[in-house]
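Residue-level listing of the chains:
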Amino acid sequence: MPHGTEEQRCPHEAVQAATELHGPVVLHPISDRRGSAVWRAVGPKGIAAVKVGFGDAAPITAREAAVLDRMRLPWYRAAHGDADDAHWIVTEWFTGPSTHEAFASVRDGVGDLRSAYRAAVDLCRSVAGLHERGWVHADLQPEHAIHTTTGVRLIDMSWSWRTGFPPSHQFKGGVPHLLAPELAASIEAGVRPVTPSPAAEVYALAGVLWTCATGRWPLDYNWAGIRPHAIGAAGLRQAISTGSIPLDSDRPWPELQHVLEEVLLAPASERPTAAQLTDMIVYRALL
């Protein structure tokens, strides 16, 4: 959590921006890691999200602000600015479960798949919509989508890119466990900047849904004799780049996982689009 009080750590300018949205706010710390802190700013008129990048993380937060400015998504009324060695962003707070939370009943073996099914379809449609507008999120993770009553809201867009707004040279590929083999290979070959394609993102999308359903990463590292923590990110990317690690055998939701398996095992040239994956789930994993 942030050092000192929330108000001392959060730049005054960011607090003022949140106050302009929702009146005098009380800050509740949510996370603070790798130089990036997030607060939930609660005011009499509503709730804002305040994100601040400090030091080396400031340019990354500034890039996310630039992404939001260019995307022009109606639900992202973003204010942002600099303060000392920090960059801050203030947006509306999105209320709802993450995709990981929406799949809790599947992982717990309760058998209530309907809400998870809706979450899977909604997430795929959201990613498809992003791709149709020429954007790649580039860092899809189980917690990087919030399922609100008015639709999915993708968050943590620091590494997003499109033609005309190139990828960041600071980006290292995100979570290795969700990297498509061809992307892992290009990273290990030294290709920079790291540029996830829509096809590589569909692999990550399928991997996110697999992980949300099972609580485990998609690949069976035990079968391959791999200890991820022992070999580190570079060693893991090298192993994934071979495309030879089988999928994990846990199948709590076989109808959905059969669809995801096709995506995760397909070469990049034969991988479906996000829109096609949506249809595959709708018609083949239908409850």
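Parameters at a glance
Residues numbered from 1 in each chain as written. Predicted model: local features only at pLDDT ≥ 70, side-chain atom pairs only at ≥ 80, totals over all residues. Heavy atoms only, no water. Pairing = 2+ DSSP bridges. Helix = DSSP H or I, 4+ residues; strand = E, 2+ residues; numbered from the N terminus. Core = buried A, V, L, I, M, F, W, Y, C linked by side-chain atoms within 4.5 Å. Buried < 20%, exposed > 50% of the residue type's maximum accessible area, 1.4 Å probe, protein only. Contact = heavy atoms within 4.5 Å. Salt bridge = Lys/Arg side-chain N within 4 Å of Asp/Glu carboxyl O.

**Q** Give me the lowdown on the pairing of strand β8 (residues 151-154), citing residues and values where you can.
**A** Bridge count for strand β7 (residues 145-148) against β8 is 4 bridges, and the pairing is antiparallel. From the neighbouring strand, His147 faces β8, where its bridge partner is Val152. Hairpin connection of β7 to β8: 2 residues between the antiparallel strands.

**Q** If you had to explain the nonpolar core to someone new, which residues and values would you point to?
**A** Residues Phe103, Leu123 and Ile281 are the most contacted members of the largest nonpolar core, which totals 75 residues. The leading source of residues in this core is helix α8 (residues 198-214), at 11 residues. Not counting residues within four places of it along the chain, the set of residues in contact with Leu123 comprises Thr99, Ala145, His147, Val152, Leu154, Leu205, Val208 and Leu209. By size, the runner-up hydrophobic cluster in this structure holds 18 residues, among which are Cys10, Ala17, Ala18 and Ala48.

**Q** I'd like to hear about the pattern of salt bridges, residue by residue, with values.
**A** A complete count under the given rule lists 9 salt bridges for this structure. The partner of Arg271 in a salt bridge is Glu182, with the nearest N and O atoms 2.8 Å apart. Here Arg271, found in the loop between α11 (254-265) and α12 (274-284), pairs with Glu182, found in helix α7 (residues 181-188); they are 89 residues apart in sequence, far enough to count as distant. Since its relative accessible area comes to 8%, Arg271 is described here as buried. A salt bridge links Glu188 to Arg237, with the nearest nitrogen and oxygen atoms 2.7 Å apart. Taken as a pair, Glu188 in helix α7 and Arg237 in helix α10 (residues 228-241) lie far apart in primary sequence, 49 residues in all. Residue Glu188 is classed as partly exposed on the basis of its relative accessible area, which comes to 30%. In this structure Arg237 comes out as buried when scored by relative accessible area, which is 13%. Three or more residues joined by partner-sharing salt bridges are found here, namely Lys51, Glu64 and Asp156.

**Q** Describe unusual backbone geometry, with residues and values.
**A** Backbone torsion omega between Arg192 and Pro193 reads 0°, so that peptide bond is classified as cis. Checked against the element boundaries, Pro193 lands in the loop between α7 and α8. A positive phi angle is found at Arg72, which is not glycine, with a value near 55°. You can see Arg72 is positioned in the loop between α3 (58-71) and β4 (79-83). For Arg72, a relative accessible area of 70% corresponds to the exposed category. One non-glycine residue, Asp84, adopts positive backbone phi at about 55°. Locating Asp84 in the fold gives a position in the loop between β4 and β5 (86-92).

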